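Observations on the three-dimensional arrangement
What follows is the residue order along each chain.
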Amino acid sequence: MRYLPKSPADRELMLREIGIRSVDELFAPIPAEYRLKRELDIAPSMAEADILDWFRQRASDTAASAYANFLGAGAYHHYRPVLIDMLISRGEFFTAYTPYQPEISQGTLQAIFEFQTMVCELTGMEVANASMYDGSTAATEAVMMAARVTGRKGAVVARSVHPEYREVLATYAKNQGMLIAEVPFLDTGRLNTAALEKAITDNTACVLIQSPNFFGTVEDVAAVAEIAHRKGALLVVAIAEAVSLGIVKPPTEADIVAMEAQSFGVPLSFGGPYAGVIATKEKFVRQMPGRLVGQTVDKRGNRGFVLTLSTREQHIRREKATSNICTNQALIALMATIFMTVYGREGLKELATHNLAKTAYAVKQFGKTAKVLFRGAPRFNEFVVQTGEDPKALNDRILQQKIIGGFPLKKFYPELGNASLWCCTELTRKIAIDAAAKGVAR
Amino acid sequence: MRYLPKSPADRELMLREIGIRSVDELFAPIPAEYRLKRELDIAPSMAEADILDWFRQRASDTAASAYANFLGAGAYHHYRPVLIDMLISRGEFFTAYTPYQPEISQGTLQAIFEFQTMVCELTGMEVANASMYDGSTAATEAVMMAARVTGRKGAVVARSVHPEYREVLATYAKNQGMLIAEVPFLDTGRLNTAALEKAITDNTACVLIQSPNFFGTVEDVAAVAEIAHRKGALLVVAIAEAVSLGIVKPPTEADIVAMEAQSFGVPLSFGGPYAGVIATKEKFVRQMPGRLVGQTVDKRGNRGFVLTLSTREQHIRREKATSNICTNQALIALMATIFMTVYGREGLKELATHNLAKTAYAVKQFGKTAKVLFRGAPRFNEFVVQTGEDPKALNDRILQQKIIGGFPLKKFYPELGNASLWCCTELTRKIAIDAAAKGVAR
Amino acid sequence: MSGKIKKATTHVIQNEGLIFEKSSRGKKGYKLPQLDVPDVNPAKLLGNAARADLGNMPEVSEIEIIRHFTRISTWNYGVDTGLYPLGSCTMKYNPRINEIVARLDGLANAHPYQPEKVSQGALLILQALRKALMEICGMEAITLQPAAGAHGELTGILLARAYLQSKGNPRKRILIPDSAHGTNPATAAIAGYEVENLKSNARGMVDIPSLEAQMNEDIAALMVTNPNTLGVFEQEIHKVADIVHRKGGLVYMDGANMNALVGKVRPGDFGIDVMHLNLHKTFSTPHGGGGPGSGPVACKKILEPFLPVPVVVTKKDGTLGFDYDRPQSIGRVRAFYGNFGMLVRALAYIMANGRDGLLQTTEDAVVNANYIRKKLEGVYELPYSTPSMHEVVFSDHKQTAKGIKTGDIAKRLIDYGFHPYTVSFPMIVHAALMIEPTESESLEELDLFIDAMKSIAEECESEPETVLNAPHTTRIARLDETRAARQPVLRWKPQA
Amino acid sequence: MSGKIKKATTHVIQNEGLIFEKSSRGKKGYKLPQLDVPDVNPAKLLGNAARADLGNMPEVSEIEIIRHFTRISTWNYGVDTGLYPLGSCTMKYNPRINEIVARLDGLANAHPYQPEKVSQGALLILQALRKALMEICGMEAITLQPAAGAHGELTGILLARAYLQSKGNPRKRILIPDSAHGTNPATAAIAGYEVENLKSNARGMVDIPSLEAQMNEDIAALMVTNPNTLGVFEQEIHKVADIVHRKGGLVYMDGANMNALVGKVRPGDFGIDVMHLNLHKTFSTPHGGGGPGSGPVACKKILEPFLPVPVVVTKKDGTLGFDYDRPQSIGRVRAFYGNFGMLVRALAYIMANGRDGLLQTTEDAVVNANYIRKKLEGVYELPYSTPSMHEVVFSDHKQTAKGIKTGDIAKRLIDYGFHPYTVSFPMIVHAALMIEPTESESLEELDLFIDAMKSIAEECESEPETVLNAPHTTRIARLDETRAARQPVLRWKPQA
Ligand SMILES: Cc1ncc(COP(=O)(O)O)c(C=O)c1O
Ligand SMILES: Cc1ncc(COP(=O)(O)O)c(C=O)c1O
């Protein structure tokens, strides 16, 4: 096998040195009756060329760049500067383990420290962790963190938070006896703050909103924060579309931000791996889940970085840890770090503005042929379109033209009728928008 | 501009430090009347995404993997193990200069030393250089080297040497007053040794043959060597299809081997960059063109490598140098080194055998529907097919089926009629061979 | 190149500041395409939700970015650098073909919500991997959704909980051996269970009498690691399972150490009900400096109804699709379907190895660990003499006399050109040296490691200070971790 | 991190033997697909032309290959590592997008002989690059065939020769300034000419009176480099051209230093007849540890008939194709059409920069060189005070007092974290320090370099031994080059 650096002679010599005749002796501790007495039902070793062919075939059976894609809904199609893959492909980055040995892991550690800093700059928070699994688990863990901080056991969640994020929260909450109340949205697409006022109780640890929310609408974070704080609850803001931070005011009024960083140079990859991240105020840092990198010095006074505050973590605290997370999404966070570095202070703004412009144009075009909902509040790069036709049928139809239509909302929001969620990014071409707007008209 | 690491403030500061007001002052030495008074007629700076799109379009306008390709004729389509590009993409390799500073260039130097060694092992020669531009210039420079070694001024060249190699030799020879005589081939595809005997004169520095030759026929190198040597001429053997060395006896009887290494993991890339290499006997090394890496020690006794015997080269010897070559094809030689390492002692043999098998099968199939020429001598992975139809028309026809037919030989070998040169490698699928054989029948 | 240290030497290496320290106004590393729609005024569109500026985000050019990340990468050690003997982490070779196939356009640029009919390739990959992993585990159902091992643990325990709940009572506690990884108890807590500790016996295995005594109807499940964190196969695993099952509990297996078992024995065959795999360990997906991972959970038929939604199914028309209609499901554990890119890599690894390669891999991994054990036994203390599988755990007992701890030996290994082993885990060993070479190491590399370990043991006697102050050859020395924790500096700020 | 040396420090690095030393029988790094045609017996097919075995070719596994080349790569310094101030080499940033586009399937896997109708994309790339380069050079014709600068020189001189021949007499000699690169005279010799040396004047430029004296009807051409190898623009280039032209000769320009001119002035406009470009210098294609390069030759209309075959043309049907029917052509200078992959990269570079970026690039390159000059003037001797363009040449005159030579200073720069400058070239300067920063260097990197150079100058006074024995921080010290040349060991051999 080409991955195994042993010759038959090497293997023999090693057995001899160990003092055994056959490798089977090493497996003797496994009771014979349980051992597998046949070969695995898996094909024999394949050539690299054949593997490549097989996956090429699978790839060509899967729609990708050849289609104009109007899907967003938590996973966004942005241009990925080529530097990202070039740099993360260095073996020193992608074949390294968690940086537990700082003397030979400063590359990873410094990059994470830079990631944490950039996330703080963008979100307006004071500290950020090294990453969580994804946006959904980050939001969920942020809610659990709020419960630890406040000692309260309930959460109030906007119905305009990504439905799958809410599902994940439900899965985790259920077993911790945490009660989740949902708050509806208004005609503007924004949270119904009157309903929110009512939903918050003495046991509400936090309010969880998403902004831009699942419909692309930018929430009035300050107003929501005011209500939550007045009632002694924290505000958790989820961000699924990180590029919005280039032009949308950061949620500085929040206590915890739970962000999905996929938009920052991470391939769509059929849903993962992405990278969540939790950012918060300094005062909450000891309740934060996940790894943190901190700056310190060596004995010669040189700056260096280490994993720190790990008494929060499972490998030290076990069942009392702030989370069970161990392996995180470090390499994806590195992708995001490189993306943020490439675009930087001016580029992220310009990029976000391009997203705004494409979407504004699309809203105008779609508005001519269908109904665009939620017009009363600012939006970023998504919008909801109501059509006469069922969105699935519509999507089937325009798929012929190599257009992948918006995300049908009926499953999660039956109250919106024949509605679907469309997304435009800097990659969406005008001609595709024009074609899609025409397609929607039927 | 994104490649330029300067802010406007940096630029200003630097001008101030230099002591000038405007950058124009630095260009004052250029007489004003010659300066360009307009902008270049080149489009303004393009975005990375647009560049990628533009080249993707060009790439999709160019046939590649989607076609079954039966072209060889000096450029061969072999599988490229993915390790090659992964490794040569390390900045330490591909952004380094010629290893003139050995203390910080041992990576390049050791890799070249390994390349030289492997080329020697494969060709049966004693020394090999660090690379030449390509097979054609390697063959040409080998002939010129033979002239220096022997003090003679003529060369005898087999007509079955790659026609473009012969053209290059003609270009170089013409201006050095070197006379080139051509020797025909037999019905077996091999060199006409009787004609060779006659063609060699007292002024013949060398005989140049190719093996496997342009028709894929393996020459009887020992017999040719015997004739050349008997007449005081050297034998230069060109090898265009390096993979043949996995199964074909190396030309140990040659005095100089001029090889094209493209088959060893180098992309076809529409004809370049490839890598030539010259290998020879130790006694001729001081007449060799090109760079050489040698082993030595540092003052602590550690093994290390350096560029050596550079008194042969232009930067020391100027007009008396063995060649004008400076920049060579180092990174391509590195590709070849990695390829040879991946396949190694057993793999190169197995790979070559697969080429043999595919070709043997194809010859059989084509033999049923057309005439395969040159049957009397062993061949490697190419064969000449004679058809009723003109090869260009035939190729046009089968192109519809996404088959790229053999190389039409009329231009270079009108005597062969409607003949074309076909090639099968390990990548040629049986179904493509079957389809092509059928296609040739019409 | 000192005579003693054969594997490594020192060489000049670049310093590099933080990216923010390279920034200056107006440098650019990007250029956007020309807008093909009318430009907009964000202030007008967003009103007071518009952002003013992006604070201290860096402004640098392309070459500075390339150099920055290239330079800092050279301060790292990876599997590509050499032996990475972190016990429990299975730091094996990350095949390059995996990286290539995961980046193919159709896979890397597929949106999770695109119609199933144009996602058949991606779905087939999921299906093929599910099938292979079930076969390897001897299980009947699987979910690929969990993002890492700990996430898999949670999923698995929630499956158990849902199952028990469906029987009427989720129960209260989870039994966890004292040798377990920290994620096990942390997971149990998140799943709403109390943790009950289970002592190991003198051979380092689950103590059967204790288990019998502790097992009762309040115990939802036992979380067992097999081979356990000592690298020891739980020889009485079938008895363990019987005891738990008899009281209606379930047996969860932490599959972090599957590299010792693949092709030899299947957890499903020795009584395990549910388990996770770490694709970033056993199945070669890269660790990436801490992640991403992937933690599929395989289980028996009885747990299948509770799997997270969605589940990949073959539809009536023969095409593949997602089934969301699973009323007993525990729900989602994350958005979308899992770390798909890692799943692609794991499948490519399985295809490259095939059944023959997978078996040889297991054998080589176990041989490598036992070779190290044999050569270092006596040099370092072996607290448990029970046979080792894929890893071996020593302690620093022999070295403590000179005041040298496992962490010091680890640091000194760096000077010898190696990444250290896992330090001070598992906790049942006082000051452990936990060594897992994996199958990816050549005899040459192993011998160099053994030499280094022996040489360090000698240094512990002859020049303890050298060990205590190691590493000596790195660009920075040991870092002040106390300071990092006491005065946390968790982000860069511009100098005031 | 010593206070004096800011840019670099030392760090542990892996040793690594030759790949042959890692080989053992039966290890494999490959696997071939199953044969889909009948297997064959090579001995039967090839007879006595069949090969017995492959001697000492290595047998190693994939991970060993990855580690081998990764480890040895870390001993290298590249542009990605830092400033690479090799004068005359233009070691600029190699953009990553270039590497991506050159590897696109349609470009990387196109066979040179595939039909033109399925090669239109590749042909368009050739055409677009030709157009851009002609515009940049102010020339009317071009060939992209030459593989490097020296190859371009030969092509260019052969064009001149063919042209003169067509006028009846190829002439005998080529005039070459004493400051010229070694390839210039070597090329002239290969083209069948004698070389006649032309002295530079006190300002480092072509000496007009000498030229007038030496120019006659035996001189085929003058080979001039502009800016010349001192980094000095030949201010009287128009006079130079006039003198040569008046006697019926041609002016060849070595375009290695075009990085100083792009967008500012065009050789075609100041009297040059034919010139080459080094795409691996001015146009950012990577040097690759020595190559590949690409050396297009641009020329005036009068030389066009002689260009190598084939030439890309637009055919009557509007498609692109190759024209082979060029009876006056000098013939081929290599197989196929040139280093296509490098041409793709150069075009991508031109597109990324655009006319605006190209101009700014030229300005930044010249500013960077002059900034260094300004800061180091006085610290090192400036043998020619003529204004510098893109590079500056000092001499070691001030340092030789202490026995320190340019080569020693160069070695000491390595300890400071830099690649040395070009040593002892051009030859008209005694013991030159030839520094070309290119536009790719930030102010920070330049300041660190300047600091290092100043610090070394101080060391030459205060601790000359430190400089004489440098480098001190590399894994190997200075190598015994004499031994390498006297007892050449040019390949590995198994120990007897
Ligand atoms: C035994 C064991 N269990 C669980 C885990 C947790 O897995 P992950 O880090 O993928 O969450 C680890 C990882 O280190 C482990 O070694
Ligand atoms: C001035 C000058 N001319 C010519 C050359 C030769 O170019 P190449 O190395 O591409 O053959 C060089 C390269 O170093 C050079 O600097």
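Provided above is the structure to which this section pertains.
Residues numbered from 1 in each chain as written. Chains lettered and ligands numbered in written order. Predicted model: local features only at pLDDT ≥ 70, side-chain atom pairs only at ≥ 80, totals over all residues. Heavy atoms only, no water.

With that settled, the discussion passes to the overall build of chain C. Along chain C, the regular secondary structure elements total 15 helices and 13 strands. By the compact-globule yardstick of 23 Å for 496 residues, chain C fits well, its C-alpha radius of gyration being 25 Å. For chain C, the spread of C-alpha atoms along the principal axes amounts to about 75 × 70 × 45 Å. When burial is assessed residue by residue, chain C has 72% of its 496 residues classed as buried. Here chain C has roughly 14200 Å² of accessible surface; of this, 49% comes from carbon and sulfur atoms. Here chain C carries 55 positive and 55 negative side-chain charges, and the mean point of each set is 4 Å from the other. (Helix = DSSP H or I, 4+ residues; strand = E, 2+ residues; numbered from the N terminus. Rg over C-alpha atoms; globule rule 2.2 N^0.38 Å. Buried < 20%, exposed > 50% of the residue type's maximum accessible area, 1.4 Å probe, protein only. Areas by Shrake-Rupley, 256 points an atom, 1.4 Å probe, with all protein chains shown as cover. Lys, Arg positive; Asp, Glu negative; His and termini not counted. Charge placed at Lys NZ, Arg CZ, Asp CG, Glu CD.)

Looking only at helices and strands, one finds 13 helices and 15 strands in chain A. For 442 residues, the compact-globule estimate of 2.2 N^0.38 gives 22 Å, and chain A sits close to it at 25 Å. Within chain A, the fraction of its 442 residues that count as buried is 71%. Across chain A, the fraction of contacts at a sequence separation of at least 24, relative to all contacts at a separation of at least 6, is 71%. Positive and negative side-chain charges in chain A, numbering 51 and 46 respectively, have mean positions lying 3 Å apart. (Contact = heavy atoms within 4.5 Å.)

Counting across every chain of the model gives 72 aromatic pairs over all chains. For the pair Tyr343 of chain A and Tyr30 of chain C, a centre-to-centre distance of 5.7 Å together with 40 degrees between the ring planes defines the contact as tilted. Within this pair, whereas Tyr343 of chain A is found in helix α11 (residues 330-369), its partner Tyr30 of chain C is found in the loop between β1 (8-14) and α1 (42-46), the two belonging to separate chains. For the pair formed by Tyr343 of chain A and Tyr30 of chain C, the shared burial category is buried. When the centroid spacing of 4.9 Å and the interplanar angle of 65 degrees are considered together, the rings of Phe215 of chain B and Tyr413 of chain B count as edge-to-face. Here Phe215 of chain B is found in the loop between β5 (204-210) and α9 (221-230), whereas its partner Tyr413 of chain B is found in the loop between β14 (407-408) and β15 (419-423), with 198 residues between them in sequence. With respect to class, Phe215 of chain B is no different from Tyr413 of chain B; both count as buried. Here the aromatic cluster, defined as three or more aromatic residues joined through ring pairs, consists of Phe185, Phe214, Phe215, Tyr274, Phe374, Phe407, Phe412 and Tyr413 of chain A together with Tyr113 and Phe336 of chain C. For the cation-ring pair, Arg475 of chain C lies above Trp75 of chain C, with the distance from its terminal atom to the ring centre recorded as 3.6 Å. Its end group placed over the ring of Phe418 of chain D, Lys7 of chain D keeps NZ or CZ at 3.9 Å from the ring centre. (Phe/Tyr/Trp six-rings, centres within 6.5 Å; stacked < 30°, edge-to-face > 60°. Lys NZ or Arg CZ within 6 Å of the ring centre and 35° of its normal.)

This part covers the pattern of salt bridges. For the structure on display, the rule yields 120 salt bridges over all chains. A salt bridge links Lys264 of chain D to Glu363 of chain D; the shortest N-O distance between them is 2.8 Å. Of this pair, Lys264 of chain D sits in the loop between β6 (250-255) and β7 (274-277) while Glu363 of chain D is found in helix α10 (residues 340-376), placing the two residues 99 residues apart along the sequence. Salt bridges sharing partners connect three or more residues here, namely Lys7, Glu444 and Glu445 of chain C together with Glu16, Lys22 and Arg71 of chain D. (Salt bridge = Lys/Arg side-chain N within 4 Å of Asp/Glu carboxyl O.)

Another point: empty space enclosed by the protein. Rolled over the atoms, a probe as big as a water molecule pinpoints where empty space is left. Roughly 510 Å³ of volume is contained in the largest cavity. Ile13 and Thr74 of chain C together with Val12, Ile13 and Thr74 of chain D are, among the 31 residues lining the largest cavity, the residues nearest its centre. Only β1 and α2 (62-73) of chain C together with β1 (8-14) and α2 (62-73) of chain D provide two or more residues apiece to the lining of the largest cavity. Classifying every residue of the lining of the largest cavity gives 12 nonpolar, 14 polar and 5 charged. (1 Å grid on protein atoms, 1.4 Å probe; cavity = no way out; pocket = protein on both sides within 12 Å on 5 of 7 lines; lining within 4 Å. Points joined across faces, edges and corners; volume = space filled by probe spheres on them. Nonpolar A, V, L, I, M, F, W, Y, C, P; charged D, E, K, R; others polar.)

Bringing the nonpolar core into the picture now. Ranked by size, the top nonpolar core spans 610 residues in total, and within it Phe55 and Phe366 of chain A together with Phe55 and Phe366 of chain B carry the most contacts. With near-sequence residues (within four places) excluded, Phe366 of chain A lies in contact with Val372, Phe383, Val385, Trp422, Ile433, Ala436, Ala437 and Val440 of chain A. (Core = buried A, V, L, I, M, F, W, Y, C linked by side-chain atoms within 4.5 Å.)

Close to ligand 2 lie 15 residues, the nearest being Thr327 of chain B together with Ser88, Asp254, His280 and Lys281 of chain D. One chain alone does not account for the residues near ligand 2; they come from chains B and D. Notes on ligand 2: free accessible area 390 Å², of which the protein chains cover 99%. For the shell around ligand 2, the element with the most residues is helix α6 (residues 149-166) of chain D, which contributes 3 residues. A per-class count over the shell around ligand 2 returns 5 nonpolar, 7 polar and 3 charged. (Near = heavy atom within 4 Å.)

On to the packing of helix α2 (residues 48-60) of chain A against helix α5 (residues 120-137) of chain C, then. Helix packing for two helices is described by the angle between their axes and how far apart those axes are. Where α2 of chain A contacts α5 of chain C, the axes come no closer than 6 Å and their chain directions differ by 130 degrees. Between α2 of chain A and α5 of chain C, the angle falls in the class oblique. Contacts from Trp54, Phe55 and Arg58 of chain A of α2 of chain A reach α5 of chain C at Gly121, Ala122, Leu124, Ile125 and Ala128 of chain C. (Axes fitted to C-alpha atoms, helices over the stretch in contact; angles between N-to-C directions. Parallel < 35°, antiparallel > 145°, perpendicular 65-115°, else oblique.)

Here we come to the interface of chain B and chain C. Contacts between the two partners involve 22 residues from chain B and, on the opposite side, 24 residues from chain C. Counting across the chain B and chain C interface gives 1 salt bridge. Between Arg2 of chain B and Glu62 of chain C there is a salt bridge whose closest N-O contact spans 3.8 Å. Across the contact surface, chain B and chain C share 2 residue pairs in polar contact (both at pLDDT 80 or more). At the level of elements, α1 (8-18), α2 (48-60) and α3 (83-88) of chain B are the ones that each hand at least two residues to the side of chain B that touches chain C. (Polar contact = N/O pair within 3.5 Å; in protein donor to acceptor, adjacent residues only side chain to side chain.)

Moving on, we come to the site of ligand 1. Of all residues adjacent to ligand 1, which total 15 residues, the nearest are Thr327 of chain A together with Ser88, Asp254, His280 and Lys281 of chain C. More than one chain approaches ligand 1, the contributing ones being chains A and C. If ligand 1 stood free it would expose 390 Å²; the protein chains cover 99% of that surface. Top contributing element to the shell around ligand 1 by residue count: helix α6 (residues 149-166) of chain C, with 3 residues. Split into classes, the residues belonging to the shell around ligand 1 amount to 5 nonpolar, 7 polar and 3 charged.

What follows deals with the interface of chain D and chain B. On the chain B side, the residues contacting the 204 residues of chain D number 184 residues. With both sides pooled, the region where chain D packs onto chain B buries about 17300 Å², and carbon together with sulfur makes up 64% of that total. Area buried by chain D at its contact with chain B is led by Arg51, Arg355 and Leu490 of chain D, which between them contribute 5% of it. For the pair chain D and chain B, the number of links is 16 salt bridges. Arg303 of chain B serves as the salt-bridge partner of Glu21 of chain D, at 2.8 Å between the closest nitrogen and oxygen. In terms of residue count, the dominant contributor to the side of chain D that touches chain B is α10 of chain D (28 residues). Of the residues belonging to the side of chain D that touches chain B, the class tally is 113 nonpolar, 52 polar and 39 charged. (Buried area = accessible area lost by both parts, 1.4 Å probe.)

This part takes up the sheet that holds strand β4 (residues 194-198) of chain C. Residue and element names in this part refer to chain C. The strand order β2-β8-β7-β6-β5-β3-β4 describes an open sheet built from 7 strands, whose pairing is mixed. Here the strands that pair on one side only, and so sit at the sheet edges, are β2 (141-143) and β4. In this sheet, neighbouring strand axes are inclined to one another by 25 degrees on average, regardless of whether the strands run parallel or antiparallel. Two elements, strand β3 (residues 173-177) and β4, share 5 bridges in a ladder whose sense is parallel. (Pairing = 2+ DSSP bridges.)

Going from Gly272 of chain A to Pro273 of chain A, the amide bond is cis rather than trans, its omega being 0 degrees. Here Val309 of chain D and Pro310 of chain D are connected by a cis peptide whose omega angle stands at -10 degrees. In this structure, Pro310 of chain D sits in the loop between β8 (297-299) and β9 (311-314). Even without a glycine there, the phi angle at Ser424 of chain D is positive, about 60 degrees. The residue Ser424 of chain D is located in the loop between β12 (422-423) and β13 (432-435) in this model.

Moving on: the pairing of strand β10 (residues 320-323) of chain C. Residue and element names in this part refer to chain C. Strand direction decides the pairing type here: strand β9 (residues 311-314) and β10, joined by 4 bridges, are antiparallel. Across the sheet, Val313 pairs through a bridge with Gly321, a residue of β10. Between the antiparallel neighbours β9 and β10 lie 5 residues, among them Gly318 with a positive phi of about 90 degrees.

To continue, consider the side chain of Arg326 of chain C. Within the secondary structure layout, Arg326 of chain C lies in the loop between β10 and α10 (340-376). Dropping the residues within four chain positions of it, Arg326 of chain C is found in contact with Glu304, Pro305, Leu307, Val309 and Val311 of chain C.

The geometry of helix α1 (residues 8-18) of chain A relative to α10 of chain C is characterised by a closest axis approach of 9 Å and an angle of 45 degrees between their N-to-C directions. Accordingly, the angle class assigned to the pair α1 of chain A and α10 of chain C is oblique. Handedness of the crossing formed by α1 of chain A with α10 of chain C: left-handed. Across the interface between the two elements, Arg11, Leu13, Met14, Leu15, Glu17 and Ile18 of chain A from α1 of chain A touch Gln360, Asp364, Val367, Asn368, Asn370, Tyr371, Lys374 and Lys375 of chain C from α10 of chain C. (Left-handed = near helix turned anticlockwise from the far one by under 90°.)

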